[in-house]
Amino acid sequence: MLSPKLQDALNKQINEEYYSSYLYTAMVAYMEDLNLDGCAHWMKMQAEEEHQHALKIFDYVVERGSRVELLEIQAPPKDWDSPLAAFKAALAHEQHMTASINALADLAQEEKDHATNNLLQWYVTEQVEEEANVDDIVKKMEMIGGTGHGLFMIDRELKSRPAPTPLAGEAGA
Ligand code: FEO
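Now for a quick tour of the structure. Model, not experiment: these values are computed from the prediction.

### Examining unusual backbone geometry
Of note, N35 is a non-glycine position whose phi angle comes to about 60°, a positive value. On the secondary structure map, N35 appears in the loop between α1 (4-33) and α2 (37-63). Backbone geometry places K112, a non-glycine residue, at a positive phi of 55°. Looking at the element boundaries, K112 is found in the loop between α3 (83-110) and α4 (114-143). A residue is classified by how much of its surface remains accessible, and K112, at 65% relative accessible area, is exposed.

### Things to note about the pattern of salt bridges
One pass over the structure, following the stated rule, counts seven salt bridges. With a shortest N-O distance of 2.6 Å, D135 and K139 are connected by a salt bridge. With D135 and K139 both in helix α4 and four residues apart, the pair spans about one turn of that helix. For K139, a relative accessible area of 47% gives the class partly exposed. Linking D136 and K140 is a salt bridge whose minimum nitrogen-to-oxygen distance equals 3.3 Å. Placement of the pair is D136 and K140 together in helix α4, with a separation of four residues, close to one helical turn. Overall, the relative accessible area of 28% leaves K140 in the partly exposed class. Each of D136, K140 and E157 takes part in a single network of salt bridges with overlapping partners.

### Quick notes on α1
Given 3.6 residues per helical turn, the α-helix brings residues three or four places apart onto the same face. Taking 1.5 Å per residue, 30 residues should reach 44 Å; α1 reaches 44 Å between its end C-alpha atoms and fits that length. Where α1 terminates, the next one or two residues include N35, which has phi positive at roughly 60°.

### Focus: the packing of aromatic side chains
The description of two aromatic rings rests on the distance between their centres and on the angle between their planes. Inspection of every chain in the model, using the stated rule, returns three aromatic pairs. Taking 5.6 Å as the distance between ring centres and 65° as the angle between the ring planes, the aromatic pair formed by W42 and F87 counts as edge-to-face. Separated by 45 residues along the polypeptide, W42 in helix α2 and F87 in helix α3 bring together distant segments of the chain. The buried category is assigned to F87, whose relative accessible area is 0%. On the basis of an interplanar angle of 80° and a centroid distance of 4.7 Å, the ring pair of W122 and Y123 is categorised as edge-to-face. Given a relative accessible area of 27%, W122 falls into the partly exposed group. Geometry around W122 places K56 over its ring, the cationic atom sitting 4.6 Å from the centre. The ring of W42 has R161 sitting right over it, with the charged end atom 4.5 Å from the ring centre.

### Thoughts on the side chain of D113
Among the secondary structure elements, D113 is positioned in the loop between α3 and α4. For D113, a relative accessible area of 11% corresponds to the buried category. Side chain to side chain, D113 and R64 meet in a polar contact 3.2 Å long. In terms of polar contacts, D113 uses its side chain to reach the backbone amide nitrogen of T116, at 2.9 Å. In this structure, D113 is in contact with L2, L6, Y60, R64 and A108, ignoring residues within four places of it in sequence.

Analysis parameters
Residues numbered from 1 in each chain as written. Predicted model: local features only at pLDDT ≥ 70, side-chain atom pairs only at ≥ 80, totals over all residues. Heavy atoms only, no water. Helix = DSSP H or I, 4+ residues; strand = E, 2+ residues; numbered from the N terminus. Buried < 20%, exposed > 50% of the residue type's maximum accessible area, 1.4 Å probe, protein only. Salt bridge = Lys/Arg side-chain N within 4 Å of Asp/Glu carboxyl O. Expected span 1.5 Å × (residues − 1). Phe/Tyr/Trp six-rings, centres within 6.5 Å; stacked < 30°, edge-to-face > 60°. Lys NZ or Arg CZ within 6 Å of the ring centre and 35° of its normal. Polar contact = N/O pair within 3.5 Å; in protein donor to acceptor, adjacent residues only side chain to side chain. Contact = heavy atoms within 4.5 Å.

Right, dumping it as structure tokens:
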């Protein structure tokens, strides 16, 4: 079983991952409203991936014989100033998620819970990729000024993002 402290912290992280999924879904709606199909598609794939992140922790908590508790998910913003502003907000959010995962890994190490630390190392690596992916899009958008033909080209490129592969041990998989 997990220590009560770790159980609580992992439940909070499940909530953070669900909020991430919710936030990216709000960005899908925003991009759809601008007729940016590629950006909307990219955000939808990201929302799915965040759902998987939540379920991976969910399954782990269950596997450890502890209790999952689903907490209230806050409403995400509805609008951003521009597609570039939305991707910048996504990057800031991923930086927040990295900090949250790092704090959890610190706690697992303090509690000498090697199995939880091992799970969290997967997330540590994943966050490097998550930040790099969004940062790449932000930089490209900044390069083209975030509008016009350049935005059209980026939108087309983002349409090719593949669906996330199901993670091992995911609930229902
Ligand atoms: Fe699951 Fe993008 O953090």
